Amino acid sequence: DYLHHGVGGAPLSAEGVAAVCDFLDEHASGKVLVHCRKGVRAAMLVLLHQARTEGWTADETLERGQEIGLNLVGGPRLMVENY
């Protein structure tokens, strides 16, 4: 299966995040490749999926992202705080 969800320069929409999370849930038993041109947005979507699955707060999500080496400033931080 393939899901194209462009994130570009616009903020992520709740519907877009939900679509990506639903796709990841549907394919949880297999391997899924999530990518983007710069890498940060793809990593943020996977982090948001994990946060949604685990019920993490925004602070917990930011902490987990920093633990795995994500630079959570500016736009990426806003993504987490808004979702």
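Since the model is a prediction, treat every value here as computed from it, not as a measurement.

Criteria and thresholds
Residues numbered from 1 in each chain as written. Predicted model: local features only at pLDDT ≥ 70, side-chain atom pairs only at ≥ 80, totals over all residues. Heavy atoms only, no water. Axes fitted to C-alpha atoms, helices over the stretch in contact; angles between N-to-C directions. Helix = DSSP H or I, 4+ residues; strand = E, 2+ residues; numbered from the N terminus. Left-handed = near helix turned anticlockwise from the far one by under 90°. Contact = heavy atoms within 4.5 Å. Nonpolar A, V, L, I, M, F, W, Y, C, P; charged D, E, K, R; others polar. Core = buried A, V, L, I, M, F, W, Y, C linked by side-chain atoms within 4.5 Å. Buried < 20%, exposed > 50% of the residue type's maximum accessible area, 1.4 Å probe, protein only. 1 Å grid on protein atoms, 1.4 Å probe; cavity = no way out; pocket = protein on both sides within 12 Å on 5 of 7 lines; lining within 4 Å. Points joined across faces, edges and corners; volume = space filled by probe spheres on them. Salt bridge = Lys/Arg side-chain N within 4 Å of Asp/Glu carboxyl O. pLDDT = per-residue confidence, 0-100.

Whenever I open this one, the packing of helix α3 (residues 58–67) against helix α4 (residues 75–82) confuses me. Can you help?
For any two helices packed against each other, the geometry comes down to the angle between their axes and how far apart the axes lie. At a closest axis distance of 8 Å, the pairing of α3 and α4 adopts a crossing angle of 145 degrees. Read as a crossing pair, α3 and α4 show a hand that is right-handed. Along the contact surface, α3 presents A58, T61 and L62, while α4 presents R77, V80 and E81. Of the residues that constitute the contact of α3 with α4, the class distribution is three nonpolar, one polar and two charged.

Just to check I follow, could you spell out the nonpolar core for this structure?
Burial of nonpolar side chains together is a common tendency in soluble globular proteins. With 16 residues, the main nonpolar core has L12, V17, M44, L47 and V80 as its most contacted residues. Those elements that provide at least two residues to this core are α1 (14–26), α2 (40–54) and α4.

Please clarify how the layout of surface pockets should be interpreted in this entry.
Empty space among the atoms can be located by rolling a probe the size of a water molecule over them. Of the pockets and cavities examined, the largest pocket occupies roughly 530 Å³. L3, H4, H5, V34 and H35 are the residues nearest the centre of the largest pocket, which is lined by 22 residues in total. Of all elements in the fold, only α1 and α2 reach the threshold of two or more residues within the lining of the largest pocket. Residue classes in the lining of the largest pocket are distributed as twelve nonpolar, six polar and four charged.

Explanation requested: the pattern of salt bridges in the structure shown.
It is possible for side chains of opposite charge to pair when their charged atoms get near one another. Taken as a whole and assessed by the stated rule, the structure comprises three salt bridges. Between R52 and D25 there is a salt bridge, with the nearest N and O atoms lying 3.6 Å from each other. In this pair, R52 is assigned in helix α2 and D25 in helix α1, connecting sequence segments 27 residues apart. In this structure, a network of salt bridges that share partners links the residues D22, D25 and R52.

Would you mind going over the confidence of the model for the protein chain with me for this structure?
The predicted structure's coordinates, where accompanied by low pLDDT, should not be read in detail. Mean pLDDT over the protein chain: 83, with 94% of residues reaching 70 or higher. Considering each helix and strand of the protein chain separately, the mean pLDDT is smallest for α4, with a value of 78, and largest for α3, with 92.

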